[in-house]
Amino acid sequence: MTQAPTPTADTVRRLVRSLLKESAESAEGTSGPDVRPVTETGEHSSWWVGTRHVLRLAPDREAAARQRRELRLRDLVRPHLPVAVPTSVAHGEWAPGLTYTLDTKVPGGTAEEHDVSAVGEADLAGLLTGLREVPARQAETLGVPRIAPRSLEALRRMAVHAAERLGAADEFDPARMSQLTAPAAAQLAAQPGTSVLVHHDLRGEHLVVSADGRVRGVLDWTAAAVGDPAEDIASLALAVGSPAAVRAATLAGYGARPCLRGLWLARCDTVIRLTDRLDGRGTCSPTLLRAQLRRAWEAILLERVTELREDGEEEL
């Protein structure tokens, strides 16, 4: 298999210079606009281009296929959402079989930099509502995969063991996992016929948040799928905290079952991921993982599962 090329600043600069020249936007000197990696670590597949654009390079053919699908999906979801979705001003191949997209930058920071306000929670509710309104079959015709719901009971068992490891490292009180019993996990199983389009990666860095706490945009749609709406609620719990995530989901019309399911998906995930990182697996920052653990385990008003009626009425 041919080794994929590694993008460098010179590679990016040459590509950007040709794109901006073709679109009559190059006015930042003969050397072209300033380019710099979005992150300091990693394969540098995303680059800031001046102050108005971001260039995303697919590092392999699988990522290229996801990026082609993402370009089509963004056009599909944009009319349904109250927040911005990046627009591609140019796209093509930066190396044989490897795609790129030059996107407009959505102004603002991230949910890791700015707290989401009460009005921002309403923005998140609009996001969840809009995703539910996107025709799932139409998304699937674009190549968006349909993903089966995860087993919360299997995840719970893994998290119980992981929590013991965190307890030994003085990172977490494993007794907190007793709040989710096996019967409760069974009650919070995903219900048939509830699949919707989910972003599937609503972490803090993908939420564009302004200094006043409004959610202005959502980035990176490459992981989108038709599946369990509780997954997006879980992601929001990691990004903005469980109370805000549950309030936003409730405003979007979700009942207690998907809200609690999302809450416990997030809680189990954070325990497992931090344990994996402490054991030398994964590359995510331990500081970020600890922050996500704290956010996911923030208390909400209605925590305990007592009865979820089959007729759709839910009691907690």
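Rules used in this analysis
- Residues numbered from 1 in each chain as written.
- Predicted model: local features only at pLDDT ≥ 70, side-chain atom pairs only at ≥ 80, totals over all residues.
- Heavy atoms only, no water.
- Helix = DSSP H or I, 4+ residues; strand = E, 2+ residues; numbered from the N terminus.
- Core = buried A, V, L, I, M, F, W, Y, C linked by side-chain atoms within 4.5 Å.
- Buried < 20%, exposed > 50% of the residue type's maximum accessible area, 1.4 Å probe, protein only.
- Contact = heavy atoms within 4.5 Å.
- Pairing = 2+ DSSP bridges.
- Salt bridge = Lys/Arg side-chain N within 4 Å of Asp/Glu carboxyl O.

Colleague: Can you help me understand unusual backbone geometry in this one?
Modeller: Residues other than glycine seldom take positive phi values, yet Asp170 does so here, at roughly 60°. Note on placement: Asp170 falls in the loop between helix H5 (152-168) and helix H6 (182-187).

Colleague: Sorry, what's going on with the nonpolar core here?
Modeller: Membership of the largest hydrophobic core comes to 71 residues, with the highest contact counts inside it found for Leu73, Leu124, Leu197, Leu207 and Val240. For this core, the leading source of residues is helix H9 (residues 256-278), giving 10 residues. Setting aside residues up to four positions removed in sequence, Leu207 forms contacts with Gly109, Thr110, Ala111, Leu124, Leu202, Gly217, Val218, Leu236, Ala239 and Val240.

Colleague: How should I be thinking about the sheet that holds strand E8 (residues 207-209) in this particular structure?
Modeller: Strands belonging to one sheet form pairs held by backbone hydrogen bonds; the direction of such a pair is parallel or antiparallel. Ordered in space as E6-E8-E9, the 3 strands form an open sheet in which the pairing is antiparallel. Looking at which strands have only one partner, the edges of the open sheet turn out to be strand E6 (109-110) and strand E9 (215-218). The pairing of E6 with E8 spans 2 bridges and is antiparallel. Paired with Thr110 across the strands is Val208, a residue of E8.

Colleague: What exactly am I supposed to notice about the pattern of salt bridges here?
Modeller: Evaluated as defined, the whole model comprises 27 salt bridges. The closest approach of N and O atoms between Asp220 and Arg56, which form a salt bridge, is 3.8 Å. One end of the pair, Asp220, is in the loop between E9 and strand E10 (225-227); the other, Arg56, is in strand E3 (residues 53-57), with 164 residues separating them in the sequence. For Asp220, a relative accessible area of 22% corresponds to the partly exposed category. Across the salt bridge formed by Arg68 and Glu93, the nearest N and O atoms sit 3.5 Å from each other. Remark: Glu93 occurs in strand E4 (residues 88-95) and Arg68 occurs in helix H2 (residues 61-77); sequence separation between them is 25 residues. Arg68 sits in the partly exposed class, given a relative accessible area of 36%. For Glu93, a relative accessible area of 48% translates into the label partly exposed. It is possible to trace a salt-bridge network through shared partners that takes in Arg56, Glu70, Arg74, Asp103 and Asp220.

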